[in-house]
Structures are given as structure tokens and as C-alpha cells.
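Remarks on the overall topology
Here's the letter readout for the chains.
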Amino acid sequence: MSDTGTQTTTLEAPADAPRQHPATAALTPLGLLTVLLGAALPLIDFFIVNVALPTIDHDLHAGAAMLEMVVAGYGVAYATLLVLGGRLGDTVGRRRLFLWGLAAFGLTSLACGLAPDAATLVGARVAQGAAAALLLPQVLATIQATTTGKRRAKAVSLYGGTAGVSSAVGQVLGGLLVSADLAGTGWRAVFLVNMPIAAAAWLLAARTVPETRSPRPARADVPGTVLLATTLITLLLPLTEGRAAGWPLWSWVLLAVFPFAGAAFLYVERRAERAGRTPLVPPSLLRIPSVNSGLAVIVPFSLGFGGFMFVVAVALQNGLHYGPFAAGLSLAPLCVTFFLASLAGPRLVRRFGRRVVIAGSLIQGTGLIALALTVHTSWPGTSVAGLAPSMAVLGFGQGMVLPVLLRIVLSELPVAQAGVGGGVMVTTQQSGLALGVATLGTLFLALLPAVGIRDALLAALLTQLAIVAGTTALALRLPRTVR
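Quick caveat, the model's predicted, so the values are computed rather than measured.

Structural notes on helix α11 (residues 249-274)
With 26 residues, α11 extends 38 Å from end C-alpha to end C-alpha; this agrees with the ideal 38 Å at 1.5 Å per step. The largest bend in α11 is about 30 degrees, located at Phe 258, with the proline Pro 259 one to four residues further on. All buried positions along α11 are accounted for by Ser 251, Ala 261, Gly 262, Phe 265, Glu 269 and Ala 272. Following α11 by one or two positions, Gly 276 has its phi on the positive side, about 90 degrees.

If you want it as C-alpha cells, here you go:
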């Protein structure tokens, strides 16, 4: 995602950095393109199903609870295993894990596309999320380990643009594929399309991505892994599935377990680090100012972004009766301006520092206000063209924020902790996205029967506006410069 600070200096590798052959130490432009392509796949797939859910429901008779599991199963598995995926890459080799992740992602996408019933689709989506967790942490870790200085700033900026745009592109692409109904595949095409992309990325990665690993691979932190998984599952699963299931007893039990699991995880990780072992998430990592302040802003930003994408997909299709293609196309201006803003990020940050994040948050808030006014005044005749100006402003603001935040988090990470640091950051982002779908999505769906789709959408947009205000305030804690 991008860079931040008024100065940019090179992170020097420690003396015991990974021993790499000089010819393969640097990431070439084609290698960078390859890892970015790999990064795009998991992020696209988190959102690509949003516009396909009505068709999946019709074909598989899934029902509301099972449909939410199609989304939540992927997101929970993905978020739960990301840090472990980063640790494994540090240990056995990041290119190796990248290749394994690509292969697994292609195969699980095939399983999703061929699923004969809703239960099988949910199981395949969980496996797909696990494959994504192997794949994605290797991207940032490889960039950190194979680039320096301005090349790293540009690479992280491109990663930020890719990650942000992929979220919106997922819904655009999903709408296009469902509408096209290629060879009668319908919704199945949103999964099957991953196979040729994953295969092409695998062939390119085998030739262009250098192998890197941590100079001091750590042993597996089994207690930390189990407790982190328990913490995330007890929070994300009931919040994403509880409403559709009617808030059964198990959802309240899991939510009650969550704070105790989180406290136990922190205790075990602190104890492991004090004993000289390497925990799954080293507490010292979270004490790095850039990591601490950056993650604190990433959480609310991702929460608002994830909730927005879900709510808009539902509102446009069920409220304005857009088809899948029109619902996806409405997000195209957001995609374009997000990517343009992310490309401008490195230059803006060198000149204005953290003020880029603050300005981006204010622009994002302006876009939300404009979108709310558009919906309020033109509903139910709101057109795709009518949504375009506010979507463009919204995307530009988001593109100024997210890439810069990712650059901040990564800026002070030691090379040896690139994998685990990238895993922690992406886990935070992914958990925020899932929480956004759960919280803003639940608010929107709960208000529907009482106030209708337009007013429920307005309530969600105004809630996100309040979240943006909080993000802006938290941005004042970000470091003024980035190393």
C-alpha cells in the first residue's frame, strides 16, 4: 500500500541477513508484477462473491445463513492463518510458500467452481481462505527482503494500490462474469477464473521471484497459533454468522470466550518472548512506533471499507434492482481514482508526510457525504452515472490513505521480521474487513425491515463517516517521517 514521511532512507539488512546469490537478490520489475498478481487474487476473492450471492442462492438454495458462511468461511480462515503463513515463509522460504499458495489457491478455486451444493461450497471457501493465507504474506515479505530505498517505496506503493483496487475490482469483475454467464457457468465463473491466473502467476514466479527466508528461522509457536486462531474465530465467526443464524446460543458463548482467549494469547506471547523464544506475534513488534500507530489506523479504515463494499453491493442490487454487471460497474470510478492516488502517494509523502493520510481521510469523508446526498435526493432513480462523481472522490481519498498506512507499518520492520510483520499487518487489515462486513452489514440488514433500503444505506454511510472521523484523529499519532 504506500509510503509516508518527509524523508526516506534505506533500511539496511543486518550483518546476518539471508545469504542470497547476488544474481537473485533483487526483485526485478517482472518479479514485482508477479508477486502483485499473486497478492491481487486473495483480495479480489474476498469481495468477488458479493455480487454473485443472489445467483448462488437461486442455484444452490443456500439460504441466508449459508450465504453468509460463503463469505465468512473464507474471511475467517484467511485472517486466522495469515500470521502463521508469514512465519512459515520466513522458515521454509517465501518463494516456496508463494508457489505452494498459488497452487493451492487454484485448486481450491476449482473446488468452489464445481461445488454441487452450498455445504460443499462453504468447505471449499474455507480451504481457499487457508490457501490465501499461505500466499499473501509472502508478497510483502519478499518486497521487504529484496528491495531498498526508492525501489521499496515504489513497490510498497504499488502493493497498496493493488490491494485497495483489488477489493473494488473483485465486485466489478464478479458482476461482469455473472452477467456474461460464460458457457452457462453463471456464478461459478467467479471462482473458475482464478485457475488460469494462478497458473500464469505460478510459472512467472518460478522464474522471476528470488528465494528469501529469515536468517534465524524460529520454531513453530503452537500455543500462540492455537490461541490466535481461537481469538479471531470467537470474534469473527459469531459477528459474521450470528445475525443470519438468529443469534443462537453458540454465538453468544463464542463472544463471551473472545476476551479471555485474547488475554491468554497476549500472556503466552509475552511469556515466550521473555523466555528468549520467538512467539508467533512478538509483543516487541507491536511496540515499534510505526507498527503500533499504523495498525491503529488500519483497523477502522478497513472496517469502514469492508462494510461499505458489502452494503453497497446489497443496496444496489436489492434496492435499485441493478443487475450484477451494473452493480459492479458502479464501483469502477472508485477503482480508477484509488489506483491513481496510490501512484501519487510516494511523491506526496516525501513532501507532506503524514498529512497525506489526514488529507485522504478528509477527502474520503467528502466522498461519503456526496454519496449520501446523491442517494437521498435521487433514490430510487439513482443511476450508475449519478453515483460516479461521489465514488471517484471516495476512491481518491481511500487511495491516499491505505497505501501510506502500509508503508508506515513496514518502514521500521527489521528484514528478519518481514514475514511475521507483513502477516500481522495483513491479518489486522483482513480482520478489519471482516468486522466491517459483520458490523456495518448487520446494522444495514437490521434496519431494512423498519426503514427500507434507502434509509438503511444512509445510516450505514453516516456510520462509516463517523469511523472516518475517528481515523482522521488517529492519524495524528502517525510518525512524521518514515525511514
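Now that the structure has been shown, the text picks up again.
Focus on the pattern of salt bridges
Any two side chains of opposite charge can pair, on the condition that their charged atoms come close. What the rule picks out here adds up to four salt bridges. A salt bridge links Arg 94 to Asp 90; its shortest N-O distance comes to 2.7 Å. Here Arg 94 matches Asp 90 in class, with each residue buried.

Observations regarding the packing of aromatic side chains
One pass over the structure, following the stated rule, counts five aromatic pairs. Between Trp 187 and Phe 191, the aromatic rings sit 6.2 Å apart at their centres with planes inclined by 85 degrees, giving edge-to-face as the arrangement. In this structure, Trp 187 and Phe 191 share a single accessibility class: buried. With a centroid separation of 6.2 Å and an interplanar angle of 10 degrees, the aromatic rings of Phe 301 and Phe 305 are classed as stacked. Of this pair, Phe 301 and Phe 305 both sit in helix α13 (residues 289-318), four residues apart, which is roughly one turn of the helix. In this structure Phe 301 comes out as buried when scored by relative accessible area, which is 3%. For Phe 305, a relative accessible area of 4% puts it in the buried group. Each member of the aromatic cluster is reached from another via a ring pair, and the members are Phe 46, Tyr 74 and Tyr 78.

Considerations on the side chain of Glu 269
Among the secondary structure elements, Glu 269 is positioned in helix α11. Although Glu 269 lies buried, it forms no salt bridge, and the closest oppositely charged side chain, Arg 87, sits 6.3 Å away as judged by the N-O distance. Only 2.9 Å separates the side chain of Glu 269 from the backbone nitrogen of Leu 280, close enough to count as a polar contact. Residue contacts for Glu 269: discarding those within four places in its chain leaves Asp 221, Gly 224, Pro 279, Leu 280, Val 281 and Pro 283.

Re helix α1 (residues 29-48)
Compared with the 28 Å implied by 1.5 Å per residue over 20 residues, the 27 Å span of α1 between its first and last C-alpha is a close match. Among the 20 residues of α1, 16 are classified as buried, and the element is accordingly described as predominantly covered.

Reading guide: rules and limits
- Residues numbered from 1 in each chain as written.
- Predicted model: local features only at pLDDT ≥ 70, side-chain atom pairs only at ≥ 80, totals over all residues.
- Heavy atoms only, no water.
- Helix = DSSP H or I, 4+ residues; strand = E, 2+ residues; numbered from the N terminus.
- Expected span 1.5 Å × (residues − 1).
- Bend = angle between axes of the 7 residues up to and from the residue.
- Buried < 20%, exposed > 50% of the residue type's maximum accessible area, 1.4 Å probe, protein only.
- Salt bridge = Lys/Arg side-chain N within 4 Å of Asp/Glu carboxyl O.
- Phe/Tyr/Trp six-rings, centres within 6.5 Å; stacked < 30°, edge-to-face > 60°.
- Lys, Arg positive; Asp, Glu negative; His and termini not counted.
- Polar contact = N/O pair within 3.5 Å; in protein donor to acceptor, adjacent residues only side chain to side chain.
- Contact = heavy atoms within 4.5 Å.

Any functional reading would require information beyond the geometric quantities listed.
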